[in-house]
Amino acid sequence: MPTPSNAPSATTGGPERQDALLFARLTERQTMPQTSQAIKGFAKKQTLIVEKVGAVARIRLLVKAKFEATEEEKSIVNPGFPQRLIQAIAIESNGVTGIIDCSAMTLEARRKRVFRNPVSAITTVPKEIVEGKKLKKGVYETEFALEIPIAHDMESLIGILLAQNEETSLSVTVTWASEEEIQHGGKLAKLEGEIQWGTTVFSIGTTPIGGHETTILPDLSAFHGMLESETPLVGTGAKKANLIRNSGQLLCLGGAVQNGFPAEISPALWPKFSIEYGGNKDPLVWEPASELLELNADEYDGPIVVGSSPGGFHFLMVDFEADNPERDWMIPESLTELRAVFGIAGAEKVEVNANLIVTQETLYPAV
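What comes next concerns the included structure. Along each chain, residues carry numbers from 1 onward, in the same order as the chain's sequence is written. With pLDDT at 70 or above as the cut-off, local features in this predicted model cover only qualifying residues; side-chain atom pairs require 80 or more to be listed or tallied, and sums for whole chains, interfaces and linings still use all residues. The basis for every side-chain value is the complete set of heavy atoms in the structure, and neither hydrogens nor water enter the calculation.

### Re the pattern of salt bridges
Side-chain pairing between opposite charges can occur once the charged atoms of the two side chains come close.
Next, step 1: Just to be clear on terms, a salt bridge is a Lys or Arg side-chain nitrogen sitting within 4 Å of an Asp or Glu carboxyl oxygen. All told, the structure shown has 16 salt bridges when counted by the stated rule.
Next, step 2: The salt bridge partner of Arg17 is Asp19, with a shortest N-O separation of 3.1 Å.
Next, step 3: For Arg17, a relative accessible area of 38% corresponds to the partly exposed category.
Next, step 4: By relative accessible area, which is 18% here, Asp19 ends up buried.
Next, step 5: Salt-bridge contacts for Arg113 lead to Glu321; the nearest nitrogen and oxygen are separated by 3.0 Å. Of this pair, Arg113 sits in helix α2 (residues 104–114) while Glu321 sits in the loop between β22 (313–319) and α6 (325–328), placing them 208 residues apart in sequence. This pair shows no difference in class: Arg113 is buried, exactly as Glu321 is.
Next, step 6: One salt-bridge network, in which partners are shared between bridges, spans Arg110, Arg113, Asp319, Glu321 and Glu361. Three labels apply to residues, based on accessible area from a 1.4 Å probe with only protein chains included: buried if under 20% of the type maximum, exposed if over 50%, partly exposed otherwise in between. Comment: elements are numbered from the N terminus, with helices defined as DSSP H or I runs of at least four residues and strands as E runs of at least two.

### Points about the sheet that holds strand β23 (residues 339–344)
Next, step 1: Judged by pairing direction, the sheet is antiparallel, and its 4 strands sit side by side in the order β17-β23-β19-β20 without closing on themselves. Across the chains shown, the open sheet's two edge strands, defined by having one partner strand only, are β17 (237–242) and β20 (281–286). Across the sheet, the mean angle from the axis of one strand to that of its neighbour is 25°, orientation sign disregarded.
Next, step 2: Strand direction decides the pairing type here: strand β19 (residues 273–277) and β20, joined by 4 bridges, are antiparallel. Across the sheet, the residue bridging to Ser274 is Val285, located in β20. Pairing between two strands requires that DSSP report at least two bridges joining them. Each axis is a line fitted through C-alpha atoms, taken for helices only over the stretch in contact, and angles between the N-to-C directions span 0 to 180 degrees.

### Digging into the environment of Asp298
Next, step 1: Structurally, Asp298 is set in helix α5 (residues 290–300).
Next, step 2: For the pair formed by Asp298 and Ile204, sequence separation is 94 residues and the distance between their alpha carbons is 40 Å.

### What about the side chain of Asn117?
Next, step 1: Tracing the backbone through its elements, the reader meets Asn117 in the loop between α2 and α3 (127–130).
Next, step 2: Its relative accessible area of 19% is what places Asn117 among the buried residues.
Next, step 3: Pairs of N or O atoms are called polar contacts if they sit within 3.5 Å, as long as, within protein, a hydrogen donor faces a hydrogen acceptor (for residues adjacent in sequence, only side-chain-to-side-chain pairs). Of the polar contacts made by the side chain of Asn117, one reaches the backbone oxygen of Tyr300; its length is 2.9 Å.
Next, step 4: Contacts are assigned to residue pairs that have any heavy atoms within 4.5 Å of one another. In this structure Asn117 touches Lys112, Tyr300, Asp301, Gly302, Pro303 and Ile304, once residues within four positions along its chain are discounted.

Below, the structure is given as structure tokens:
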């Protein structure tokens, strides 16, 4: 995976120093609204340009969307709605992608993991969608927030991206889901609405050091990565999905099974889930996977379920930072044949276009 440099370059024209403790004393936390954009429509892409101010730690989107069901009582919305509306979120820094590149459902699963299944204050979803009913002809509106965690956490700010630099370009590409990804059985039209968004930034301060006015920067030694990959699922039994072997510290691995767009196979039904490497080493095995599902419920005050549509969309989390990160995390680059193994019960009917979904949250060196 490409790794753009997060090092400063002519921020002020004078000497610069990375010092997390001194930065914390000099900086000011700021919440900055950005320019809203109209939603471009089903399967379209649009780019949000981040203002070149300070160091960016968080981006939050407020999505207000509506679409039209064009046929009477045919469309049923797929699990994971409303987050399923956004097929992908990608951060681009200085022309390089691969820092954060995942679906809105993955980002929401991360939020539920970190904040122990918080309740949204603003999410609104039509009753017909929540209840899984066939939609009558008409317009349906929804609203939800989406957090993009540039920094791993708001205390250490590790992973923060420097934006106060004329040479820096920082943007968010939003890819909207297709009609087929959102519903099955009918047809939709006119995905419209607005993205209101803002950033949490920290100002860049200066102080005299050795007779020179010195710009003090946060720790820019690492990137906070959120990646998602899909592996086609064919048949039942032990099915393997290769992990992305980057040089970072693997903080959390997520797994889900999309059984065609209309359905999922819940982790409660997996006979097994494991992580293996080196061909025959499997240090982490849950048999059945419901053992890990129950551990998730203990750690997060309930299982990780994304979306308001019937049953939601379930993720299973292997959380390497829950207890002792320095002891438990993995370095994927150092492990050959690193894979997640999903057990799919023989009784399951695997649909066309079924996929194993793997999410990886990492901290990796900024070089």
